[in-house]
Amino acid sequence: MTAKLDYRWHLREVMATRGMFSTTDLRPLLAERGIDLSPSQTYRLVVERPERLSLKTLMALLDILGCAMDELIEPVPAAGRRREAAAGADGDPGVGDFRPRRARIVRE
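Residues numbered from 1 in each chain as written. Predicted model: local features only at pLDDT ≥ 70, side-chain atom pairs only at ≥ 80, totals over all residues. Heavy atoms only, no water.

*Asks:* What am I meant to see in the confidence of the model for the protein chain here?
*Replies:* Caution applies to low-pLDDT regions: their predicted coordinates should not be interpreted in detail. With 82% of its residues at a pLDDT of at least 70, the protein chain reaches an overall mean of 84. Per-element confidence in the protein chain is highest for helix α4 (residues 55–65), whose mean pLDDT is 96, and lowest for helix α6 (residues 78–87), whose mean pLDDT is 51. Counted against residues more than four places away or in other chains, residues 80–88, with its pLDDT under 50, gives 9 contacts. (pLDDT = per-residue confidence, 0-100. Helix = DSSP H or I, 4+ residues; strand = E, 2+ residues; numbered from the N terminus. Contact = heavy atoms within 4.5 Å.)

Next comes the structure, spelled out in structure tokens:
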């Protein structure tokens, strides 16, 4: 019997480690590489787990972020995925400790 696999999508985390905290940061970089996505498509690519992804888009993401494929896509057993979904976490840790610093406005 073959083991059933699933995956986790880590684009949001990888972007955060590179100092990219907004989906609007990614869109022009994709356009430079010939990938034209609408703002809503770019948002969904970052915050949701894609079911279908073109290889050109994947290669552009790897180039933009300077990372390997295994940093973006993590294979996991399908049974473990169900447990996480039941917990409501969806396996997405968000950006974790990679948060921009709060701006301080000082009046002179």
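*Asks:* Is there a simple way to explain α4 in this structure?
*Replies:* Counting along an α-helix, one turn takes 3.6 residues, and residues three or four places apart therefore face a common direction. Of the residues making up α4, those classed as buried are Thr 57, Leu 58, Ala 60, Leu 61, Leu 62, Ile 64 and Leu 65. Taken together, the buried residues of α4 touch β1 (5–9), α1 (11–17), α2 (23–32), α3 (39–47), α5 (69–72) and β2 (73–77). Just downstream of α4, Gly 66 is the residue with a positive phi angle, here 60 degrees. (Buried < 20%, exposed > 50% of the residue type's maximum accessible area, 1.4 Å probe, protein only.)

*Asks:* Just checking my understanding: could you explain the nonpolar core for this structure?
*Replies:* Within soluble globular proteins, side chains that are nonpolar generally end up buried alongside one another. In terms of nonpolar packing, the biggest core is built from 19 residues, with Leu 11, Leu 26, Leu 30, Leu 61, Leu 65 and Leu 72 touching the most fellow members. Looking at this core, the elements with two or more residues in it are α1, α2, α3 and α4. Per element, the largest residue contribution to this core is 6 residues, and it comes from α4. Setting aside its immediate chain neighbours within four residues, Leu 30 contacts Ile 35, Leu 37, Leu 45, Ala 60, Leu 61 and Ile 64. (Core = buried A, V, L, I, M, F, W, Y, C linked by side-chain atoms within 4.5 Å.)

*Asks:* Help me understand the packing of α2 against α3, please; the structure alone is not making it clear to me.
*Replies:* How two helices sit against one another is set out by the angle between their axes and by the gap between those axes. α3 packs onto α2 with a crossing angle of 110 degrees between their chain directions and a minimal axis gap of 9 Å. One way to sum up the angle between α2 and α3 is to call them roughly perpendicular. Helix-helix and strand crossings are classified by hand; for α2 and α3 the assignment is right-handed. Facing Thr 23, Leu 26, Arg 27 and Leu 30 of α2, the residues of α3 in contact are Pro 39, Thr 42, Tyr 43, Leu 45 and Val 46. When grouped by side-chain class, the residues that make up the contact of α2 with α3 number 6 nonpolar, 2 polar and 1 charged. (Axes fitted to C-alpha atoms, helices over the stretch in contact; angles between N-to-C directions. Parallel < 35°, antiparallel > 145°, perpendicular 65-115°, else oblique. Left-handed = near helix turned anticlockwise from the far one by under 90°. Nonpolar A, V, L, I, M, F, W, Y, C, P; charged D, E, K, R; others polar.)

*Asks:* Just to check I follow, could you spell out α2 for this structure?
*Replies:* Of the residues making up α2, those classed as buried are Thr 23, Leu 26 and Leu 30. For α2, the angular spread of the buried residues around the axis is 55 degrees, confining them to a single face. Seen from the buried face of α2, the exposed residues on the opposite side, beyond 90 degrees, are Thr 24 and Glu 32. Where α2 is buried, its residues touch α1, α3 and α4. Immediately beyond the C-terminal end of α2, within one or two residues, lies Gly 34, with a positive phi of roughly 85 degrees. (Arc of directions from axis to C-beta.)

*Asks:* How should the layout of surface pockets be read in this particular structure?
*Replies:* Rolled over the atoms, a probe as big as a water molecule pinpoints where empty space is left. Put simply, the largest pocket is a space of about 270 Å³. Along its surface, the largest pocket is lined by Leu 37, Gln 41, Arg 44, Leu 45, Glu 48, Arg 49, Pro 50, Glu 51, Arg 52, Leu 53, Ser 54 and Thr 57. No other element matches α3, which puts 3 residues into the lining of the largest pocket. Here the residues of the lining of the largest pocket are counted per class, giving 4 nonpolar, 3 polar and 5 charged. (1 Å grid on protein atoms, 1.4 Å probe; cavity = no way out; pocket = protein on both sides within 12 Å on 5 of 7 lines; lining within 4 Å. Points joined across faces, edges and corners; volume = space filled by probe spheres on them.)

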